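Reading the structure
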Amino acid sequence: MFVITTFVLLTIILLLILPLVHYGTKPSREIFLLDFACYKPSANQMCTREKVVDQITNYANLSKETSDFVKKIINAGGLGDSTYVPESLLAETPNPCMKNARRETEMAMFRSIDTLLEKTRVNCKDIRILVVNCCIFNVVPSLCSVVINHYKFKEDVISYNLTGMGCSAGLVAIGLAKQLLQVHPNAYALVVSTENITENEYKGQDHQMLLINCLFRLGGAAILLSNRPSDCYSSKYQLIHSVQTHTASSDLSYNCIRREEDEGGRTGITITKDLLVAANRAIESNITTLGSLILPLSEKVRFTANNIIRKLHFGRTQPYLPKFKKAIDHFFSHVGGKPVLDDLQRNLGFLDEDMEPSRMALHRFGNTSSSSVWYALAYAEAKGRIKKGDRVWQIAFGSGFKCSSAFWHAMRNIDYEETNPWTAEIDGFPVNLDNLIGSSPFLLEPSKQT
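Residues numbered from 1 in each chain as written. Predicted model: local features only at pLDDT ≥ 70, side-chain atom pairs only at ≥ 80, totals over all residues. Heavy atoms only, no water.

1. So, the overall build of the protein chain
- Scanning the protein chain for helices and strands turns up 14 helices and 13 strands.
- Evaluated residue by residue, the protein chain yields a buried proportion of 56% over its 450 residues.
- Excluding contacts between residues fewer than 6 apart, the proportion of contacts in the protein chain whose partners are at least 24 apart in sequence is 81%.
- Only carbon and sulfur atoms are counted for the fraction: they give 53% of the accessible area of the protein chain, which is about 19700 Å². (Helix = DSSP H or I, 4+ residues; strand = E, 2+ residues; numbered from the N terminus. Buried < 20%, exposed > 50% of the residue type's maximum accessible area, 1.4 Å probe, protein only. Contact = heavy atoms within 4.5 Å. Areas by Shrake-Rupley, 256 points an atom, 1.4 Å probe, with all protein chains shown as cover.)

Shown next, in the form of structure tokens:
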């Protein structure tokens, strides 16, 4: 018994010390988020759920059975009647050509960046680092080049274009920008996150591929980071931790979301019923690492001791769920869809009010892919909930399967902002979702809490 007790104590000590050793060896340069901006499309692109069903049905010439499936997915997905769809897909004769796809992405990027530069008063020629992420839309020249050309960045700008990385790519980009800012002093880093709906639209009858048409909507965000000490006083947040997890070594995780052709040769994104299982594995690994960095000592000890006891098979011990609310004040998740948010809430033990920003972002703007965590954060800011010293956790997950977390400290109270996409309508939220959601006909495998 003494040997086992000693083993447990040594394991706990190692768990507490290793993160400090790992992160303590890196350069210590504070990273600040000056501000961010979310794209709000024009009102003529706004669609009700019924209109989206009609658009998808007509575009792909769906059968009655498949059209009913689409309707059930949309009604069960958590989206409301004011999400946005590209103009080219709303036309009487949809035209998802390269020109329209490029126009969609440029509108999302340029409007977000324009708003951000206006808010921060930063000259784009002073931006040293540029990271752009968009999963599906991969053009030549790259989207980085599109931004550099449009804003006439300096020739020595350090640029990275991330594609094919799914809905977690926005926070992956934040992590990459953080690493670059650690080695380039007195620099600004611009991160642009968006997705392209025009090139994502699937024109077939496969139910697993139609999920993308049902849930994804127009959106984009631009984020400005800085390592300049003088920006400490004007910034909104300080980036404390960025944690990345990639579980593609597992075949189940690797194959749960993939782009491929259906039996008729039509390209689309397949989402399998293993999605929740893969997501849970990646999220569990990610939050275990994050938890070792942010949880109070008492929670670390309880979690570690419980994990050791279970691994040593001492009786039927239930998993201990760390109380993350002791370490955070606000939680903003990627809004993959209602089933995903439900599963995340259950596994993390969060209350409805903790999930409110993410659920409202899904309801109002739909799944905007990698930018969705910024719409959720903008919701909390519009509500006046972010106060100086608050601890903010963003988490996103997507194909691969990947999970990324960003942990921030609020540097000041966030006041009213006219450019916030929620400002004009925030008093109407939260809304009651009970009468908007039915049961999903696409049953995902429930994850097991481990």
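2. Observations regarding a positive patch on the surface
- Taken together, the side chains of K125, R128, K152 and K154 present a region of like positive charge at the surface.
- Within the secondary structure layout, K125 lies in the loop between helix 5 (98-120) and strand 4 (127-133).
- Since its relative accessible area comes to 42%, K125 is described here as partly exposed. (Patch = residues over 30% accessible without salt bridge, like charges linked within 9 Å, V, L, I, M, F, W, Y side chains within 5 Å. Salt bridge = Lys/Arg side-chain N within 4 Å of Asp/Glu carboxyl O. Lys, Arg positive; Asp, Glu negative; His and termini not counted. Charge placed at Lys NZ, Arg CZ, Asp CG, Glu CD.)

3. Let's talk about the environment of S82
- Mapped onto the elements, S82 comes out in the loop between helix 3 (64-76) and strand 3 (83-84).
- Taking relative accessible area as the criterion, S82 reaches 16% and is therefore assigned buried.
- Sequence separation of S82 and A43 is 39 residues, and the distance between their C-alpha atoms is 9.0 Å.
- Not counting residues within four places of it along the chain, the set of residues in contact with S82 comprises M46, C47 and R364.

4. Concerning the nonpolar core
- By size, the foremost hydrophobic cluster in this structure holds 110 residues, and its most contacted members are L225, W374, W393 and W408.
- If you tally residues by element for this core, the top one is helix 10 (residues 275-294), at 10 residues.
- With near-sequence residues (within four places) excluded, W393 lies in contact with I287, L290, F324, I328, H330, F331, F332, L348, F350, S405, A406 and F407. (Core = buried A, V, L, I, M, F, W, Y, C linked by side-chain atoms within 4.5 Å.)

5. Structural notes on unusual backbone geometry
- The peptide bond linking V140 to P141 adopts the cis configuration, its omega dihedral lying at -5°.
- Along the chain, the position of P141 falls in the loop between strand 4 and helix 6 (143-151).
- Each neighbour pair has its own omega, and for F429 with P430 the value is 5°, a cis peptide bond.
- Tracing the backbone through its elements, the reader meets P430 in the segment after strand 13 (402-410).

6. Digging into helix 2 (residues 49-60)
- Its 12 residues give helix 2 an end-to-end C-alpha distance of 17 Å, which sits within 8% of 16 Å, the value for a rise of 1.5 Å per residue.
- By the burial criterion, the buried members of helix 2 are R49, V52, V53, Q55, I56, T57, Y59 and A60.
- Packed against the buried residues of helix 2 are strand 2 (46-47), helix 3, helix 4 (87-90) and helix 8 (207-215).
- Two residues or fewer past helix 2, N61 is found with a positive phi of approximately 50°. (Expected span 1.5 Å × (residues − 1).)

7. Points about the sheet that holds strand 5 (residues 158-162)
- Read from one edge to the other, the open sheet built from nine strands follows the order 5-4-6-7-1-8-13-12-11, with strand pairing classed as mixed. Of all the strands in the sheet, the pair left with one neighbour each is strand 5 and strand 11 (330-333). Here the strands of the sheet are splayed against their neighbours by 25° on average, with no regard to which way each runs.
- As judged from the seven bridges shared by strand 6 (residues 188-194) and strand 7 (residues 220-226), these two strands associate in the antiparallel manner. Its bridge partner being in strand 7, T194 is matched across the sheet by G220. (Pairing = 2+ DSSP bridges. Axes fitted to C-alpha atoms, helices over the stretch in contact; angles between N-to-C directions.)

8. Quick look at the pairing of strand 13
- Among the nine residues that make up strand 13, eight are buried, leaving the element largely enclosed by the rest of the structure.
- Relative to strand 13, strand 8 (residues 237-246) runs antiparallel, the two sharing nine bridges. The residue bridging V243 from the neighbouring strand is S405, located in strand 13.
- The pairing of strand 12 (residues 391-398) with strand 13 spans eight bridges and is antiparallel.

9. Description of the packing of helix 5 against helix 6
- Look at helix 5 against helix 6: their axes get within 11 Å of each other, and the N-to-C directions meet at 55°. Viewed along their axes, helix 5 and helix 6 adopt a mutual orientation that is oblique. Viewed along their axes, helix 5 and helix 6 form a crossing whose handedness is right-handed. When helix 5 is examined against helix 6, the residues R102, T105, E106, M109, F110, I113, D114 and L117 are found in contact with a partner set consisting of L143, V146, V147, H150 and Y151.
- Grouping the amino acids of the contact of helix 5 with helix 6 by side-chain chemistry returns eight nonpolar, two polar and three charged. (Parallel < 35°, antiparallel > 145°, perpendicular 65-115°, else oblique. Left-handed = near helix turned anticlockwise from the far one by under 90°. Nonpolar A, V, L, I, M, F, W, Y, C, P; charged D, E, K, R; others polar.)

10. Some details on the pattern of salt bridges
- Going through the model one piece at a time under the given rule, you end up with 20 salt bridges.
- Between R302 and E299 there is a salt bridge, with the nearest N and O atoms lying 3.1 Å from each other. A residue pair is termed a helical-turn pair when its members lie 3 or 4 positions apart in one helix, as R302 and E299 do in helix 11 (residues 297-311) at three residues.
- Judged by relative accessible area, which is 0%, E299 ranks as buried.
- For the salt bridge of R385 with E356, the shortest nitrogen-to-oxygen distance reads 2.9 Å. Taken together, the residues R385 in the loop between helix 14 (372-382) and strand 12 and E356 in helix 13 (residues 352-365) connect sequence positions 29 residues apart.
- Look at E356 and you get buried, because its relative accessible area is 13%.

11. Some thoughts on the confidence of the model for the protein chain
- Chain-level statistics for the protein chain give a pLDDT mean of 90 and a share of 90% at 70 or above.
- Note on residues 19-27: pLDDT under 50 across the span, and nine contacts to partners over four residues away in sequence or across chains.
- Here residues 446-450 is modelled with pLDDT under 50, and outside its nearest four sequence neighbours on either side it reaches 16 contacts, counting other chains as well. (pLDDT = per-residue confidence, 0-100.)

12. Observations concerning the packing of helix 10 against helix 12 (residues 338-348)
- One can describe the packing of helix 10 onto helix 12 by two numbers: an axis separation of 11 Å at closest approach and a directional angle of 40°. Taken together, helix 10 and helix 12 sit at an angle that is classed as oblique. By crossing handedness, the relation of helix 10 to helix 12 is classed as right-handed. Contact residues: helix 10 offers L275, L276, N280, I283 and I287, while helix 12 offers P339, V340, D343, L344, N347 and L348.
- A breakdown of the residues in the contact of helix 10 with helix 12 according to their chemical character gives eight nonpolar, two polar and one charged.

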